[in-house]
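Close look at the chain arrangement
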Amino acid sequence: MAEVVECEFPVWGLLPKKETGVTAFLTKYPEYDGRGVTIAIFDSGVDPGAPGLQVTSEGKPKVIERFDCSGAGDVDTSTVVQAKDGEIQGLSGRRLKVSLSLLYAIDPVRNISEISAPSPKILLNNTICKTNVWMGRTGDFHVGIKNGFDLYPAKLKERIESERKEKLWDPGHKSALAEASRKLQEFEVKSPQPTTASDKLQKEELETQVEILTSLDKNHSDVGPAYDCVVFHDGQMWRACVDTSLSGDLSSCHLLGEYSLTQEFATLTKSDQLTYSINVHNDGNTLEVVSMCSSHGTHVASIAAAYFPDSPERNGVAPGAQIVSLTIGDNRLGSMETGTALVRAMIRVMQQSETNKIHVINMSYGEHAHFSSSGRIGELMNEVINKYGVVWVASAGNHGPALCTIGSPPDISTNSVIGVGAYVSPDMMVAEYSLRQKLQGMPYTWTSRGPTIDGEYGVTVCAPGGAITSVPKFTLRNCQLMNGTSMASPHVCGAVAVLLCGLEKKSLRYSPYSVKRALENTALYLETIDFFAQGRGLLQVEKAFEHLTTYHDQPERDIRFQVTCGPNNNKGIHLRGGLQDRIKDCTVSVEPFFTDPDNTARNVFNHVPAVIFNIFCSIKAYDVSCVEKGPVFRVPITVVRPTQLPRELLRPELSFRNVVFKPNTMHRHFILVPDEATWAVLQLQCVEKDKSGRFVLHCLQLRPNMVCKTLECHKMVNVSSQSEVIQGFPVRGGLVLEVVVAKYWANLGEVVLDYSLAFHGVKSESPSITMQGADGILSLELRSGLRSEEIAPVVTLKNTVQVIRPTDSKVSPLSARDVIPPSRQIYELQFTYNFHISKATEVTPNSPVLSDLLYESEFESQLWMLFNCNKQLLAAGDAYPSKYMAKVDKGDYVLKLHVRHERKDLLDKMLDQPLLLSQKLPAALTLDVYASQTQATTGGKKMMGATLPQGHIVPIYIAPLSNDKASKGVTVGQFLSGTISYAKDEIGKKVDVYPFKYVLTEAPKKSSNTKLSDTKDKEKTKWDEYNEVIRDLRTSWLAKLDPDEQATSLYDELKKLYPDHLAVHTAMLQCLESNEPKKQLPFIENVNISDNSVSAMANQIIDIAEMVINNVDQTRLLAYFGTKTDQKPDAAKTKILMERQKTALVEALSRKGSALCRLYAITNATGSKAGDGDGQEQLSTVGASAISLDSIDNVWRDVLKFTDTNDTKVFYFLLWHAVVHQHWGRVLKILVKMGEDKPSRELDEKGAEAGRKLGWKHYVHHIESSLLVRYPPAYRPF
């Protein structure tokens, strides 16, 4: 029997605290566990119901405030109603029952989800509520409506969609499909080849039912439930109730007070387990439903401050601290932060400074910025730190291992933010990742490295970057492993909380600057690992506390030293361009800034008589009177000396042989890219047989004022001896290229590699090409300066870009939550853009002035929302247009865009800002490329390929699009966008591509010989033409009039004047029966037999339609359209006349058929009661009694002689025809087809009626439950 080996599992490694000294510190000072300190979590939202987030170590509420700063949870509750008989009318149309008999007692329980529905309990200032909570202060109730799916994170939405489909759709659908298939099979057995018209129609109906059921399942889309929301003031606070019962029974739902006052929260439904709470703004006119956009924020908060009284090893770093959850991730964008959310979160921090001060901010969020020297968001971050004294901790980013990959924040205009890198310890490797062997502690391969592009360190300290801890309840799990600098940052944040707690207990003063200096000067520098990843080293809490207590009264405590270097006022010295082979002078300025504005530099420097400078990778400034406390500021210096390839090399390549890689081994190379290079190829192969390894390849070049991702290649690859890894990527000549080959940190074992880097290049005069279609042939010169290259230029156009001007733009002040203390009002500029899509495609909106700017933008936000013609939100996007693409069908759309700033004059300048709407082409277009001007001019032989010798120049010629390829309906400024590549090499063709823009010319006009104006009789006088115009004008107005006496009088007059003019009769038909769906859709469930005007109008339509039908020679018309070609001289004129006759005939037959169906339906509904009415009603009924299905079928067959069932002009008659035959499958198919062109509530409601007739309850429920979401009463607010 094998021996059992007992060993203790390192549970302390699940949420590591030993490595940074937190465990030892709290053992020594248990009361310094963050008590009295408040942490603001800028993230995706914190779940107060998650394990460990209920109370602090003192028993106080853990999460004391929850706000969704993004606006994604906002509900417009500006509609005010009064209760009547214990009910109010919700915006959904439901009667909401307000139980006036319920008295709500007070209970200290805060988790409403744990309270039984029949007797909900509400915390209300710890006193018994003697009056009914539902009795508002004024009796007013604010009502709104919210789509439940708007509150769901993406993964939760996927789960609920699957569960709802499995529960609400699949059982009924499978049963209905089986029944329809069985009926069709039985019919085919009974009538294998139907001969009669009725049998053929019956078979078509059964086939249609199977077809429509299959299609409905394939295209099934769940938009989620719509919840009524009720807000009222009970005399003491605002309260809200979300009707998750979907039946109006509010007594079974949770009644919540504002979270900041009550700490009340609830679970939305039992199935989703989504925790939500509420806040109310604008005097009850805006309800903020706070949920979460991901599980990220809860995990972050748990690392910082979770408290498990029964499992202290699972505690966060500061279990005594309290948390304020400020959601900056916008659920409409997945979880992307927005300027709106960031500013509102910072406003909340500022507002709290006078009441419940927020001491520390953790922000495990960020994006890469083009530059950090300015930006609206960065300015406000500096204000929060410098003016309000809040310590700001931020994750450095997960974009390593290359240098200069720090995100914003911490990379803003000052160096006040504490940036945190991610470290993995030996215990973490075993406990969290189950590695079979412990390695020495190291930074994760992917943690972002400093310096920032403008020279600052970027990473202040590093901390454990992984943890297994609590996640929200909606994940249906207790805890989860997450790793990233997002996990390292809350570790440092929690550490700062325990430090501040200790300082507060000792009544010692501090500032954000003194805290950051203490962390820097006491961190444990790890000699064996990358400096740029660890910053000053691994966080050490005990030493930091000793530093803060020892030097709490030093003169520089409240001073921030602003270091500016060089002409661009960079935060450090960063020399990366060129060979760095000569001496350079760099001007360094240091300016002190004080938290106390009345202080002066003289007062401080009286205490700092001298400064010593030590130069070793940085300039360190010490207080000579107390050198042991460490530098008071540093000037970072980073100098990159690249390798230059010798010009005499025939093949510009670098090779590296037998390079040994262990876990997290990184080989970093800096190469000055040859001026003529445009792409490079990196090749790797394992030297040793039967060995392989997992590697990260990161190749990066920096361009001025552009993000580090602009020119980079970042790949994870597996390298073995059996196959060679080849990776190509674009490069820019003259810039330094960093190439990092790194073995992934968790990939155990040793691997030996050979790898090489080769440069190639084919250059044109400009990296981006714009071609004016009206200019004709475009000539480009190509050059290769490195080696001979094979070229085969290809121009591919994939998108059409339309310039849209706003139809409306308005600047207005925002509400109280958008006022920066004390009274800086923020304004909103809201644009409205309207556009039409002629064919289903993918669109990408882009506001070019604001694009690709967030933290560095001079404006706070640039969020857009796309709505269809029914006000349903389809998609949303923000500053980064390439991230957001929306699939749209044919139809009309409205896009709303908002921009925010506190200066109204800046917004006023943007009132006419255009929008670029990029639409994906159905098929990519290519431009023809030629080797000579002659071939391009004559459309001769295209250029298939050529050899471009080293140092030579070869011209190419690009021909414009032919007329048949140009887009129809081109508007001014419209262009096509795509790419151009020059290389024939497969790798070069993929990576060495450049943007290409083709500006379209006006669409070619059709040949005039098809116009009616050229077919007019030559003998026709001007007076005759005048009379024709008057006739056509009066006829067109007849179709627009209401069917009253004036219309009848005009029709009679026109009929006498122009008895043979068919347009007069069709205009009157349109007058009697407008094209509105409400008036043309058939009766299905409710046939109105009491309204005699319906029958009278139907008879009138039949009479007028007969005039048109009798005036058209149908035989001649059929003969004409059956003729293949017409060679007569007047063929064009004949064609126009015949087309007009056909159109008029089809419309007349269709409207006649619909009218006959109406009368038939009324007759059947009336039945034996037809003779019980007055004389006029009896007359109509008698006239209708002669109508049979055969007569209707005859009209239907006549219609199909001249058109088919896909003709939209006959849809309504086809609907009526199917209804009178009770072919509900055909009805549904036509309704679905009509809805694809232009969806409407009326069509869906008729579809639900048809579904009821078929017995398809699942379909009826699906349609009726989606109406409120698909047809909302108003546009969703920003």
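Everything that follows concerns the structure shown earlier in this document.
The present account deals with the structure reproduced in this document.

This paragraph deals with the packing of aromatic side chains. Aromatic ring pairs: the centre-centre distance and the angle between the two ring planes describe each pair. For the coordinates displayed, the defined rule picks out 27 aromatic pairs. Measuring from centroid to centroid gives 6.2 Å for Y744 and W745, while their planes differ by 45 degrees, and the two rings are tilted. There is no split in this pair, since Y744 and W745 are both buried. Of the aromatic side chains, those joined through ring pairs into one cluster are Y433, Y444, W446, Y744 and W745. In this structure, R694 is placed above the aromatic ring of Y744, and the distance from its NZ or CZ to the ring centre is 5.1 Å. The lysine or arginine in question, K896, covers the ring of Y1275, its NZ or CZ lying 4.8 Å from the ring centre.

Glancing now at the side chain of Q352. Inspection of the secondary structure assignment puts Q352 in the loop between α6 (339-351) and β15 (360-363). Judged by its relative accessible area of 5%, Q352 is buried. If we ignore the near neighbours within four places in the chain, the residues touching Q352 are E65, K357 and I358.

So, about the pattern of salt bridges. Any two side chains of opposite charge can pair if their charged atoms end up close together. Applying the stated rule across the entire model yields 63 salt bridges. We note a salt bridge from K438 to D427, for which the minimum N-O separation is 3.0 Å. With a gap of eleven residues between them, K438 in the loop between α8 (426-431) and β18 (442-443) and D427 in helix α8 connect regions that are remote in the sequence. A relative accessible area of 15% means that D427 is categorised as buried.

Think of a sheet as strands paired side by side through backbone hydrogen bonds, with each pair either parallel or antiparallel. Ordered by their spatial adjacency, four strands build an open sheet running β3-β13-β12-β11, and the pairing between neighbours is antiparallel. Strands with a single pairing partner mark the edges of an open sheet, and in this sheet they are β3 (74-76) and β11 (266-267). In terms of strand pairing, β3 meets strand β13 (residues 286-290) through three bridges, oriented antiparallel. Residue pairing in the sheet places D74 in a bridge with E288 of β13.

A separate point is the nonpolar core. One finds L1038, I1192, L1215, V1227, L1228 and W1256 to be the most contacted residues of the largest nonpolar core, which totals 81 residues. With 13 residues, helix α23 (residues 1131-1166) is the largest single contributor of residues to this core. Those residues within four positions of I1192 in sequence are excluded, and the remaining contacts are L1156, C1157, Y1160, I1187, F1213, H1217 and V1220. Residues I418, Y444, C462 and A497 belong to the second largest nonpolar core, which totals 77 residues.

Moving on to the sheet that holds strand β43 (residues 827-837). The five strands are arranged β40-β43-β48-β45-β46 in an open sheet whose pairing can be described as antiparallel. Two strands close off the open sheet at either side, each with one partner strand: β40 (808-813) and β46 (873-877). The mean inter-strand angle of the sheet, taken between neighbouring strand axes irrespective of direction, is 20 degrees. Across four bridges, the pairing between strand β45 (residues 862-868) and β46 is antiparallel. Considered in β46, the bridge of M865 is made with A876.

Moving on, we come to the pairing of strand β37 (residues 769-772). Of the two faces of β37, the one lined by I769 and M771 is fully buried and the one lined by T770 and Q772 carries no buried residue. Sheet topology places β37 next to strand β54 (residues 993-999); four bridges connect them, and they run parallel. Counterpart to M771 in the pairing with β54 is Y998.

Right, let's talk about helix α22 (residues 1114-1122) for a bit. All of the buried residues along α22 are Q1114, L1117 and Y1120. The buried residues of α22 occupy an angular sector of 120 degrees when projected down its axis, which confines them to one face. Residues of α22 that are exposed and angled more than 90 degrees away from the buried face: T1115 and G1122. If you check the start of α22, you find a side-chain oxygen 3.3 Å away from the backbone N of T1115, and it comes from D1113.

Cut-off values and rules
Residues numbered from 1 in each chain as written. Predicted model: local features only at pLDDT ≥ 70, side-chain atom pairs only at ≥ 80, totals over all residues. Heavy atoms only, no water. Phe/Tyr/Trp six-rings, centres within 6.5 Å; stacked < 30°, edge-to-face > 60°. Buried < 20%, exposed > 50% of the residue type's maximum accessible area, 1.4 Å probe, protein only. Lys NZ or Arg CZ within 6 Å of the ring centre and 35° of its normal. Helix = DSSP H or I, 4+ residues; strand = E, 2+ residues; numbered from the N terminus. Contact = heavy atoms within 4.5 Å. Salt bridge = Lys/Arg side-chain N within 4 Å of Asp/Glu carboxyl O. Pairing = 2+ DSSP bridges. Core = buried A, V, L, I, M, F, W, Y, C linked by side-chain atoms within 4.5 Å. Axes fitted to C-alpha atoms, helices over the stretch in contact; angles between N-to-C directions. Arc of directions from axis to C-beta. Polar contact = N/O pair within 3.5 Å; in protein donor to acceptor, adjacent residues only side chain to side chain.

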